[in-house]
There are 2 protein chains.
Amino acid sequence: MTAFESLMAHARRTAALEQVAGRLGWDQETVMPRGAVEQRAEEMGAMEAVLHARRADPRVGAWLAEAEPPDAAGAAQLRLIRRAHERAVKVPEDLAAEIARVTSRAQGIWAAARAADDPAGFLPVLAEVVRLRREEGAALAGAGDPYEALLQDYESGARVAELRAMFEAMRPRLATLRAAVLERPAPPALSGRFDAAHQRALAEELARAFGYDLARGRIDTAVHPFSSGSGADVRITTRTDPADPFNCLYSTIHEVGHATYEQRIDPALALTPAGQGVSMGVHESQSRIYENQLGRSRAFTGWLFARMREAFGEVGVPDAEAFHATVNRVHPGFIRTEADELHYNLHILMRFDLERALIAGDLSVADLEGAWDDRFAADFGQQVTRPSEGFLQDVHWSVGLFGYFPTYTLGNVYAGCLHAAIRRDLPALDEDLARGDPSAATAWLAERVQRHGGVLEPRDLIMRATGEPPSEAPLMDYLETKFGALYGL
Amino acid sequence: MTAFESLMAHARRTAALEQVAGRLGWDQETVMPRGAVEQRAEEMGAMEAVLHARRADPRVGAWLAEAEPPDAAGAAQLRLIRRAHERAVKVPEDLAAEIARVTSRAQGIWAAARAADDPAGFLPVLAEVVRLRREEGAALAGAGDPYEALLQDYESGARVAELRAMFEAMRPRLATLRAAVLERPAPPALSGRFDAAHQRALAEELARAFGYDLARGRIDTAVHPFSSGSGADVRITTRTDPADPFNCLYSTIHEVGHATYEQRIDPALALTPAGQGVSMGVHESQSRIYENQLGRSRAFTGWLFARMREAFGEVGVPDAEAFHATVNRVHPGFIRTEADELHYNLHILMRFDLERALIAGDLSVADLEGAWDDRFAADFGQQVTRPSEGFLQDVHWSVGLFGYFPTYTLGNVYAGCLHAAIRRDLPALDEDLARGDPSAATAWLAERVQRHGGVLEPRDLIMRATGEPPSEAPLMDYLETKFGALYGL
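Residues numbered from 1 in each chain as written. Chains lettered and ligands numbered in written order. Predicted model: local features only at pLDDT ≥ 70, side-chain atom pairs only at ≥ 80, totals over all residues. Heavy atoms only, no water.

Colleague: For the overall build of chain A, give the residues involved together with the corresponding values.
Modeller: Scanning chain A from N- to C-terminus turns up 20 helices and three strands. Relative to its length of 489 residues, chain A is compact, with a C-alpha radius of gyration of 22 Å against a globular reference of 23 Å. Once the C-alpha set of chain A is aligned to its principal axes, its extents read approximately 65 × 50 × 45 Å. Here chain A holds 489 residues, and the buried ones make up 58% of them. Total accessible area on chain A stands at roughly 18200 Å², and carbon and sulfur atoms take up 52% of it. (Helix = DSSP H or I, 4+ residues; strand = E, 2+ residues; numbered from the N terminus. Rg over C-alpha atoms; globule rule 2.2 N^0.38 Å. Buried < 20%, exposed > 50% of the residue type's maximum accessible area, 1.4 Å probe, protein only. Areas by Shrake-Rupley, 256 points an atom, 1.4 Å probe, with all protein chains shown as cover.)

Colleague: I'd love a proper account of helix α4 (residues 72–90) of chain A, names of residues and values included.
Modeller: Residue and element names in this part refer to chain A. With 19 residues, α4 extends 27 Å between its outermost C-alpha atoms, agreeing within 8% with the 27 Å of an ideal straight helix rising 1.5 Å per residue. Turning to α4, its buried residues number three or more, namely Gly74, Ala76, Gln77, Leu78, Leu80, Ile81, His85 and Ala88. Lining the buried residues of α4 we find α1 (3–30), α2 (37–56) and α3 (58–66). For α4, the side-chain oxygen to backbone nitrogen distance between the N-cap and Ala73 is 3.3 Å, and the N-cap itself is Asp71. (Expected span 1.5 Å × (residues − 1). Contact = heavy atoms within 4.5 Å. Polar contact = N/O pair within 3.5 Å; in protein donor to acceptor, adjacent residues only side chain to side chain.)

Colleague: With reference to specific residues and values, describe the confidence of the model for chain A.
Modeller: Residue-level pLDDT values for chain A average 96, and 100% of them are 70 or greater. Predicted as a complex, the structure gets a pTM of 0.91 and an ipTM equal to 0.90. (pLDDT = per-residue confidence, 0-100.)

Colleague: Outline the interface of chain B and chain A, supporting the account with residue identities and numerical values.
Modeller: Taken residue by residue, the interface counts 37 residues in chain B and 37 residues in chain A. Each partner contributes to the roughly 2800 Å² buried at the junction of chain B and chain A, and carbon and sulfur atoms together form 61% of this total. When residues of chain B are sorted by the area they lose upon contact with chain A, B:Arg13, B:Pro33 and B:Gln39 head the list and together hold 20% of the total. The interface formed by chain B and chain A includes six salt bridges. Between A:Glu43 and B:Arg23 there is a salt bridge whose closest N-O contact spans 2.7 Å. Inspection of the chain B/chain A interface yields 14 residue pairs in polar contact (both at pLDDT 80 or more). Contributions of two or more residues to the side of chain B that touches chain A are made by α1 (3–30), α2 (37–56) and α5 (93–116) of chain B. For the side of chain B that touches chain A, the element with the most residues is α1(B), which contributes nine residues. (Buried area = accessible area lost by both parts, 1.4 Å probe. Salt bridge = Lys/Arg side-chain N within 4 Å of Asp/Glu carboxyl O.)

Colleague: Explain the pattern of salt bridges residue by residue, including any values.
Modeller: Counting across every chain of the model gives 94 salt bridges over all chains. As a salt-bridge pair, A:Arg356 and A:Asp353 come within 2.3 Å of each other at their nearest N and O atoms. Within this pair, A:Arg356 and its partner A:Asp353 are both found in helix α14 (residues 341–360), separated by three residues, close to a single helical turn. Relative accessible area serves as the criterion here: at 21%, A:Asp353 is assigned to the partly exposed category. Among the ionic pairs, B:Asp233 bridges to B:Arg235, the shortest N-O distance being 2.8 Å. A network of salt bridges, in which partner residues are shared, links A:Arg23, A:Asp233, A:Arg235, B:Asp27, B:Arg40 and B:Glu43.

Colleague: Mind laying out the packing of helix α8 (residues 160–182) of chain A against α14(A), listing which residues take part and the relevant values?
Modeller: All names here are of chain A. For the pair α8 and α14, the least separation of the axes is 9 Å and the interaxial angle reads 140°. As the angle between them shows, α8 and α14 are arranged oblique. Crossing of α8 against α14: the hand is left-handed. For the pair α8 and α14, contact is made by Val160, Leu163, Arg164, Phe167, Met170, Arg171, Leu174, Leu177, Arg178, Val181 and Leu182 and by Leu342, His343, Asn345, Leu346, Leu349, Phe352, Asp353 and Arg356, respectively. Partitioning the contact of α8 with α14 into residue classes produces twelve nonpolar, two polar and five charged. (Axes fitted to C-alpha atoms, helices over the stretch in contact; angles between N-to-C directions. Parallel < 35°, antiparallel > 145°, perpendicular 65-115°, else oblique. Left-handed = near helix turned anticlockwise from the far one by under 90°. Nonpolar A, V, L, I, M, F, W, Y, C, P; charged D, E, K, R; others polar.)

Colleague: Pulling in residues and values, what's your account of the packing of helix α11 (residues 280–294) of chain A against helix α18 (residues 439–448) of chain A?
Modeller: Residue and element names in this part refer to chain A. Direction vectors running N to C along α11 and α18 enclose 160°, while the axes themselves pass 12 Å from each other. What the angle tells us is that α11 and α18 run roughly antiparallel. Regarding α11 and α18, the two cross each other, and that crossing is right-handed. Contacts between α11 and α18 involve Gln286, Ile289, Tyr290 and Leu294 from the former and Ala441, Thr442 and Leu445 from the latter.

Colleague: So what's going on with the sheet that holds strand β1 (residues 219–221) of chain B? Residues and values would help.
Modeller: Residues and elements named next belong to chain B. The sheet built from three strands is open, its strands ordered β1-β3-β2 with mixed pairing. Each having just a single partner strand, β1 and β2 (227–228) make up the two edges of the open sheet. Across two bridges, the pairing between β2 and strand β3 (residues 235–238) is antiparallel. By the bridge assignment, Ser228 is partnered in β3 with Arg235. With respect to the sheet, α1 is in contact with β1, β2 and β3, its orientation differing from that of β3 by roughly 20°. (Pairing = 2+ DSSP bridges.)

Colleague: Can you lay out the relation of the copies chain B and chain A for me, pointing to particular residues and giving the numbers?
Modeller: Take chain B, turn it by 180°, move it 0.0 Å along the axis, and it overlays chain A with an RMSD of 0.0 Å. When the rotation and shift are considered jointly, the pair of chain copies conforms to a two-fold rotation axis. When you check the interface residues of chain B against chain A, 100% turn up at the interface there too, and the contact is symmetric in its surfaces. (Least-squares fit on C-alpha atoms with pLDDT ≥ 70 in both.)

Below you can see the structure in the form of structure tokens.
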């Protein structure tokens, strides 16, 4: 075997083990017995140690020094293997295993603390998670910024300074638009009876319409909707709220965006380093464009209005025009995952600033709740009264995801870029969507984005797909046009 | 760290990874998307390669040479680690990985072939599995018997000659009892409507009564009932047949016997080599004594009769006496998992002989169906007409389990020994069982058998628990007494 072939054989097995570790995460969130939390933490720690040792294996370093890629895809594989190897060599194995163990345990503690609105129960373990991730970031960054080093795990090539510039360009336009919208009368809310089984049946219908292949996936119920796995086994979860069917339906469309991305990667890349979505930002661009630019469009909501009246009877809204306004109702609120398109990025901008301060050591875990509540009052004009609606609402920090939040807004920005390009290329899109058929748009995304897996770097992928460098401008134009029309601005 | 401490730290992580691999098996049988079969085979192969490399690690050999156990449990841990290490060193890593890959794939092929009654679809991969396992047995056995070497994976210390002697002592007594019983009129069959949801609810009630802790387990539906996992995460499956509630109820009690064994091992042994049931024979003794000697006793079936009439209404049987006969109805049939206590061991004796011939090379896979059907006609007096009722009925060979079948009958033998000892120690047992309460008996088993995990070797464990060397005599006496009374012999 050549050095390249040896490297790929090793990397394929590592990729298979990564799928196994991911499946443990799915299991933990959906079916694991509640008494198994501590044991599962040991199991996750053991898997993480195995993966770390494989990535750091000195043979990988030796093969990398010699390997000659046969083609562009091979060169991408080498780039991804090298990045993982260099990262693993920099982080001591014991630290990696401890992070896996602590975050697995912390997730259960967070869930209990959120349920009981009890920050004190969560803060000690959160302090431990922050300390460990800061240590990891410092090991990775050398003389550089630890937070930017952590960010690379989710968005390779992203720079904190560029994200800050982009986000600061968005902030005033979002604030202005938000203020104008909130002065106008609110559209009607949905009312009716939304049986959970009917919600799940309609969610599955929507999942299929958006291209989710259930022979290579499944839909379960979990506290927090998520997508998990690559290739032939990509699973999503949803949840039902009897008063709010949009929660189930749109979180399903969102997760289907993630899941079809994984399902539509070129099968030749399966179980290789490039056989997964390239970054969290590009992942989020797929989920967001499915959910928002397609799923919440006037054309698609016209079809959905009719379909929901078939499934549930009257929904308390007189016609498709009003239903479109209801689907896109702008409402101040505390919870990120329930936020509308306009508020969503304000939630992210705030978390981006707070988590950078936590990792930099400029903000202590003990002061986090106060800092959160102050910033929320400033940006959203509301006082947080329960920690479960404040800093305890998200799972991310409990599982050590620092550097992940900004990829949500970056995903929205990429979705804005991709949507502008799709509208240019597919003039008949609204006619399809009005029939409940997003397949032309999802095929465009499969061809331009999804099939490439990790072969192209995120920024390069978006540039090639759209013909333009990524910018926040298409997203902001889309938001101002859409909400301007909906609210008569 | 001392050599013993280093060894145990390594072994704990290996034990955690074994739990992960076991969970993949659970996932495959219960929730895995059907399109994921090939990918899962790669994942299982990767896990097996990791486990093999850890067991064969030269550092383990060096630690073993130096390690001083602190106590008897430590000595047992060393014994188990040494056995796994020596086994792993003898089997090449590539062979181990290939076996994992092929058997994972073969299981799906077997399921499809059984569903379609299509032996030709299964034989090529079965030939491959036999070839690989024979190669493995030869690598393990050196100059010895490859089949006996494979047997050690399931029942350490078992000898083929001893099993043959025991089984041949049972065969004539079983044949005589069977012939006498089948000349007598059959008890009534059950009739009624047995809603699947009610079956599952009653099965869960029985599981709790027999001590299954659902905070550290769960019950799902699968084609083939099984128990999976150790310690804090031990899951069982069941299935429902609308015409036959006993299938669901008694398979649940059976799997609860396996599962509570794992749940009641001393927690100090969790995630160590001795933190699992010691052998398949001892495992089966627990499942069988729960299911048969306790669950099918006159006293317990009296309680169950009343409970089933509450759950389902009339069940077509006049009274508790007749119900006891119905539960224990002897019926010729093709399917092992549906066999009564009297026929069950005849199924095993046949498989034991056939699989020894396959591994020895005295029987080719091409001739297996014919050999099966001939032997079945001789032992059971019936002609097999469909392969799905013949050699395609069991999953075992597809997943490479050669040497596993005899542990079922050995388990029945052990159950007979343990039951005789329990009857001696607990004179009021029938009064408890008549109230639906097997807890005194299951506590006896927890104390004498289950808590020890792998600390005592199988034969030694049974001897200490019962005060006698294992023998088939108590089982045969129990069967002759029970069925003699039920059939008026």
